[in-house]
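Secondary and tertiary structure notes
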Amino acid sequence: MFKEHGWDVRYLGPNLPLQHAIYYANKSKPDMICISVTVSHNLKLLPEYLHALELLDQNFTILIGSRLSEKYNLEKFLTNRTKIVRDLSEMTSIITNEVAHSLR
């Protein structure tokens, strides 16, 4: 979906260790990092990942995508740099708005 809107995408796969995420964020200087949480037992790792990524001296947005957002309160993970994506139309809106914003 990101590629369809002209984004340069790097898929790092599932179960990426935090240190690898930090390494690639430092190396590639992304505009956005997307985290997908599909299994409830991985929710306990989310605060650690978000905190570590937000400590990096970079200006990127973190998207949390999860079908678990209907069952669990993910709002508690929100910061000024994070957004929760609940469905495909919300993702499309975020992607197109971010592209428009970066073109200004």
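Just above sits the structure.
Reference entry: report on the structure contained in this document.

About the thresholds
- Residues numbered from 1 in each chain as written.
- Predicted model: local features only at pLDDT ≥ 70, side-chain atom pairs only at ≥ 80, totals over all residues.
- Heavy atoms only, no water.
- Helix = DSSP H or I, 4+ residues; strand = E, 2+ residues; numbered from the N terminus.
- Rg over C-alpha atoms; globule rule 2.2 N^0.38 Å.
- Contact = heavy atoms within 4.5 Å.
- Areas by Shrake-Rupley, 256 points an atom, 1.4 Å probe, with all protein chains shown as cover.
- Lys, Arg positive; Asp, Glu negative; His and termini not counted.
- Charge placed at Lys NZ, Arg CZ, Asp CG, Glu CD.
- Core = buried A, V, L, I, M, F, W, Y, C linked by side-chain atoms within 4.5 Å.
- Buried < 20%, exposed > 50% of the residue type's maximum accessible area, 1.4 Å probe, protein only.
- Salt bridge = Lys/Arg side-chain N within 4 Å of Asp/Glu carboxyl O.

**Some words on the overall build of the protein chain**
Within the protein chain one finds three helices and three strands. Scanning the protein chain from its N terminus toward the C terminus, one meets helices and strands in the order α-β-α-β-β-α. The C-alpha atoms of the protein chain give 13 Å as radius of gyration, which agrees with the globular expectation for 104 residues (13 Å, within 12%). Considering only C-alpha atoms, the protein chain reaches an extent of 40 × 30 × 25 Å along its principal axes. Long-range pairs, those at least 24 residues apart, make up 64% of the contacts in the protein chain with a sequence separation of at least 6. With an accessible surface of roughly 7,200 Å², the protein chain has 52% of that area assigned to carbon and sulfur atoms. Across the protein chain, the centroid of the 12 positively charged side chains sits 4 Å from that of the 11 negatively charged ones.

**With respect to the nonpolar core**
Counting 20 residues, the largest nonpolar core has Ile35, Leu46, Leu50 and Leu53 as the members making the most contacts within it. Among the elements of the structure, helix H1 (18-28), strand E1 (32-36), helix H2 (46-54) and strand E2 (61-65) are those that each provide at least two residues to this core. For this core, the element with the highest residue contribution is H2, accounting for five residues. Leu63, Met91, Ile94 and Ile95 belong to the second-largest nonpolar core, a separate cluster that totals eight residues.

**Digging into the pattern of salt bridges**
Applying the stated criterion to the full structure yields three salt bridges. A salt bridge links arginine 10 to aspartate 8; its shortest N-O distance comes to 2.9 Å. Aspartate 8 matches arginine 10 in its accessibility class, with the two residues each being exposed. Its salt-bridge partner being glutamate 90, residue arginine 86 comes within 3.8 Å of it at the nearest N-O pair. Residues joined by salt bridges that share partners form a network here, namely Glu75, Arg86 and Glu90.

**Describing the environment of leucine 63**
Examined against the element boundaries, leucine 63 turns out to sit in strand E2. Accessibility expressed as a relative area gives 1% for leucine 63, which makes it buried. Among all residues touching leucine 63, those that are not within four sequence positions of it are Phe2, Met32, Ile33, Cys34, Ile35, Lys83, Val85, Met91 and Ile94.

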